[in-house]
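Now for the letters of each chain:
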Amino acid sequence: AQTVTQSQPEMSVQEAETVTLSCTYDTSENNYYLFWYKQPPSRQMILVIRQEAYKQQNATENRFSVNFQKAAKSFSLKISDSQLGDTAMYFCAFMKSAGYGNKLVFGAGTILRVKS
Amino acid sequence: EAEVAQSPRYKITEKSQAVAFWCDPISGHATLYWYRQILGQGPELLVQFQDESVVDDSQLPKDRFSAERLKGVDSTLKIQPAELGDSAMYLCASSSPGDREEQFFGPGTRLTVL
């Protein structure tokens, strides 16, 4: 079974600064996907960024980038130029890639507060 | 922009009562997921449908929970009888093969059992 661990229950960052959220996972699979999802207060969860395990290049989406270390089973999220709207719960999630429509296995989440 | 719809948004019930939650996925999405998110934890899959068929219900407490997706479109999750430990957010998500494994989530139903 796969497990996902987020060791930072809460983080805070000043507006315009950079913050990194940590995530480690455990799996015996060789091919899989990793995701960061954002859950703003009282709003639905949305995808921030995805990484395919077979790709060595780290994924980037505007101000969001990941540091994917497959051997270490580490998948951190870096948010640059933090904005007030980035305040949310962030979940790291794992998905097997065999077949289609596999379930997401989530970590416990990290609450990020962006301060003005 | 198409979204996953869920109702009700909030539900308060007493233990031993029956409750039901409804989810309407994005049009054309064949795969539908129900997750339970206990406060302070990440979501966990309860049941997954491919069209009208159950693909995975290994974590669904079948003595009290049931789920159906009769026509392969919208879905209902039922709890009978509700217990105090069922208090949680119930999230519905849907996906399509053309979306590179992205799951789209609804706003959730927050259940409080008294």
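Refer to the preceding data block for the structure.
This is a predicted model, so every value here is computed, not measured. (Residues numbered from 1 in each chain as written. Chains lettered and ligands numbered in written order. Predicted model: local features only at pLDDT ≥ 70, side-chain atom pairs only at ≥ 80, totals over all residues. Heavy atoms only, no water.)

### What about unusual backbone geometry?
Applicable threshold: The way it works is that DSSP assigns letters per residue, a run of H or I at least four long becomes a helix, a run of E at least two long becomes a strand, and they are numbered from the N terminus. Only protein chains enter the area calculation, which uses a 1.4 Å probe; residues under 20% of their type maximum are buried, those over 50% are exposed, and those in between are partly exposed.
Residue P8(B) follows S7(B) across a cis peptide bond; omega there is -10°. Here P8(B) shows up in the loop between β1 (5-7) and β2 (10-13). For the bond running from Q80(B) to P81(B), omega is -5°, close enough to zero to count as cis. Mapped onto the secondary structure, P81(B) falls in the loop between β8 (75-79) and β9 (88-95). Not every positive phi belongs to a glycine, and N62(A) is a case in point at roughly 55°. Topologically, N62(A) is positioned in the loop between β7 (60-61) and β8 (64-69). Taking relative accessible area as the criterion, N62(A) reaches 80% and is therefore assigned exposed. Here K73(A), not a glycine, exhibits a phi torsion of approximately 55°, which is positive.

### Quick look at the pairing of strand β7 (residues 65-68) of chain B
We count it as follows: A pair of strands is considered paired only if DSSP assigns at least 2 bridges between the two.
Where β7(B) meets β8(B), 4 bridges bridge the pair, whose relative direction is antiparallel. When the sheet's bridge partners are listed, S66(B) is paired in β8(B) with K78(B).

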